[in-house]
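# Working through the structure, step by step
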Amino acid sequence: MKRFGNKQSGVLSSSDLKTVYGKTLYWTSFALLAFAAVVAIVPTIWTILTAFKDTQEIYEAFSFFPKDMSWEKMVSRVSESWKNLQLGDSFINTIVLSLGNLAVRIVVCGFGGYVLSKLKPTGTKLIFTLVVWTMMMPSQIRMVPNYIGYLHFPFAFDWGMGVNLLDTFWPMWLGSGADTFAVLLFKNAFDALSNSYVEAAKIDGCTDYGVFFKIMLPLTTPVIIYESIGVLSAAWSDFFTPLLVLDKNVVTPLVIYRLASDPEVQMNTYFMALVFASIPPFIIFAIFQKRILGGINIGGVKG
Amino acid sequence: MTKKPTIKPKKLITRRNNLNGWILMLPMVVILYLFIWRPSVMGTVWSFFNMKAYTVLDFCGIDNYRKVLTHTQFLPTLWNTVQYVLWSFVIGFLPPLFVAIMLNEILHFKGGFRVLIYTPAVIPGIAAMLMWYYMYYPDQTGLLNMILGKLGAETQQWLNNPDFAIIGITIYSSWKGLAGTMLLYYASLQSVSVELYEASIIDGAGPLKRLWHITRPAMEGIILLNVVRQIIGVFQIMEQPLAMTSGGPNGASTSLSYQLYQYGFNSGGQGTGQAMALGVIIFLILIVFTIFYFWLNRKVEDRY
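The rules we used
- Residues numbered from 1 in each chain as written.
- Chains lettered and ligands numbered in written order.
- Predicted model: local features only at pLDDT ≥ 70, side-chain atom pairs only at ≥ 80, totals over all residues.
- pLDDT = per-residue confidence, 0-100.
- Domains from an automatic or database assignment.
- Contact = placed C-beta atoms within 7 Å.
- Helix = DSSP H or I, 4+ residues; strand = E, 2+ residues; numbered from the N terminus.
- Nonpolar A, V, L, I, M, F, W, Y, C, P; charged D, E, K, R; others polar.
- Expected span 1.5 Å × (residues − 1).

Mean pLDDT for chain B: 88, with 94% of residues reaching 70 or above. For this predicted complex, the interface score ipTM comes out at 0.87, alongside a pTM of 0.88.

Moving on, we come to the domain arrangement of chain B. Per the domain assignment, the segments of chain B are domain 1 (8-46) and domain 2 (63-303). Spacing between the C-alpha centres of domain 1 of chain B and domain 2 of chain B amounts to 36 Å.

This brings us to the domain arrangement of chain A. Residues and elements named next belong to chain A. When cut into domains, chain A gives domain 1 (2-84) and domain 2 (88-293). Using C-alpha coordinates to define each centre, domain 1 is positioned 33 Å away from domain 2. The partner domain 2 presents 8 residues to the 12 residues of domain 1 that form the contact. Where the side of domain 1 that touches domain 2 is concerned, the elements lending two or more residues are helix 2 (20-51), helix 3 (55-60) and helix 4 (71-85). Residues belonging to the side of domain 1 that touches domain 2 are distributed by class as follows: 4 nonpolar, 5 polar and 3 charged.

To continue, consider the environment of Trp22 of chain B. Mapped onto the fold, Trp22 of chain B is located in helix 1 (residues 8-46). With 261 residues separating them in the primary sequence, Trp22 of chain B and Phe283 of chain B have C-alpha atoms 31 Å apart.

Turning next to the interface of chain B and chain A. In this assembly, 91 residues from chain B lie in contact with 86 residues from chain A. The dominant element in the side of chain B that touches chain A, judged by the number of residues it contributes, is helix 1 of chain B, at 23 residues. A class-by-class count of the residues in the side of chain B that touches chain A yields 60 nonpolar, 23 polar and 8 charged.

For the rest of this paragraph, the subject is helix 4 of chain A. Compared with the 21 Å implied by 1.5 Å per residue over 15 residues, the 21 Å span of helix 4 of chain A between its first and last C-alpha is a close match. Phi turns positive one or two residues past the end of helix 4 of chain A, at Gln86 of chain A, with a value near 55°.

Turning next to unusual backbone geometry. All names here are of chain A. That bond from Phe153 to Pro154 is cis: its omega, -5°, falls within 30 degrees of zero. With respect to the secondary-structure elements, Pro154 resides in the loop between helix 7 (143-151) and helix 8 (170-177). In this structure, Gln86 is a non-glycine residue whose phi angle is positive, near 55°. Within the element layout of this structure, Gln86 appears in the loop between helix 4 and helix 5 (88-119).

As structure tokens, then:
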């Protein structure tokens, strides 16, 4: 066990790991982590395996592994389910929804955080206080009024002039900008940047907009990536606002929700739908794995 | 207000800054106004009004509140919600903490463990909820009953059992949320100073003593913040009962927020006013915890 000798001191140190007691603690931890990993992964494995079973098998064999795990069989299950489920349109819609959400989030919250941090016009204090206080406000209080707002946007009352936002992506798109947490993340990121950047650029004749796009925004890449991961994955799981606003077949989370109570969809096909719906977030995870697991170190939001 | 002495060029810059600042900030202010500030205020105002579906009729005093609070299901639902919070601590509090601490000490297969333990957090929430709905399926097609069947035990009703529904949902939520909380703890473990550990080794403290006297004090702040955040978060639970149990069986897993959803969107327009009254009630309960959270947050930040 060469590794033990070089261990950085923590709860366990390299000297502990020479003793039986220390070794026992270490391998007990290892076993517990292995157990945690198994618990974390088994439901997912079961779902994938069940997706590859035949309908008959599910209701008769009650086994964890499918009988036939040949390559041809798996390919045929995937293509057959994809044909049956008709998820293609909802996938495209969800991608469109998520990209719109991201654009609005970055522009609205990015600008907001920038102004609160750097330009500080009159009234900044008031706006900032409001932003902080609404950060932790439970959303229940505004659930119904928000819905009423969608019916004749942007008016709170039906004065015959508003636009009905139902059956459009606008409630989610615009709502994506109403994220006070993101505003504060951006503000903190801009706070950490020296004002001399701004001044230097302005002396060189840069406008406020130029400063923002050419200098400030690129320097907050970690926050942008953090928000991108969050917003892009969330579109594949958020189903509450879409449930109120959209028709049942439009976005993938809604389709998943609807198919669960569809008697015509067999369990194996449904599980394949769960697998399909999980693929896009896993792609995002695979791309940004290092950043996500590295513990994105921008969590400190000062109130 | 006192008059500020102004110098001309400075004033000019300030005025331009003001205009540009407000133009850049306008989208945020408008969206926050339309999606958070106005609906919060209107929700409170309209909770005192009769509603016909989504149209405001006339002032009715505390009628909506009386209807919500005197409903026979109100107290059971409130108790259910408290049970969600309690169970979320019994089941979900220690695992992320211990996993983070152990992961920080382990040298073998560390990266692999991290990826595997993180997978539940990657699966989209709605897909994971329905996955667990099938894990809990009351016949042997469900994974849990399949295992029981293999062991020769009797199959269980799981989510159809009123005594288990809340626990079952909480097990799911803890499974789904473990990795997120774990990463939070893991990040704060990185800031515990190695010198402290080394000094304690020289002083002859064993591993468990070090865990208690060095790791614990360093983590206390973030743990406490997380506890309050968990109370606030779980108290608002809604999507899980909506997707997994529809609040059943017989209302046994109905939470306050799910009840609000029922009032607001599933009552044929009869309960809109009550939904907003219930929203205000939830707000009043949670504001206590929220203020405590902010106070705590400031205190914890001052310490570091």
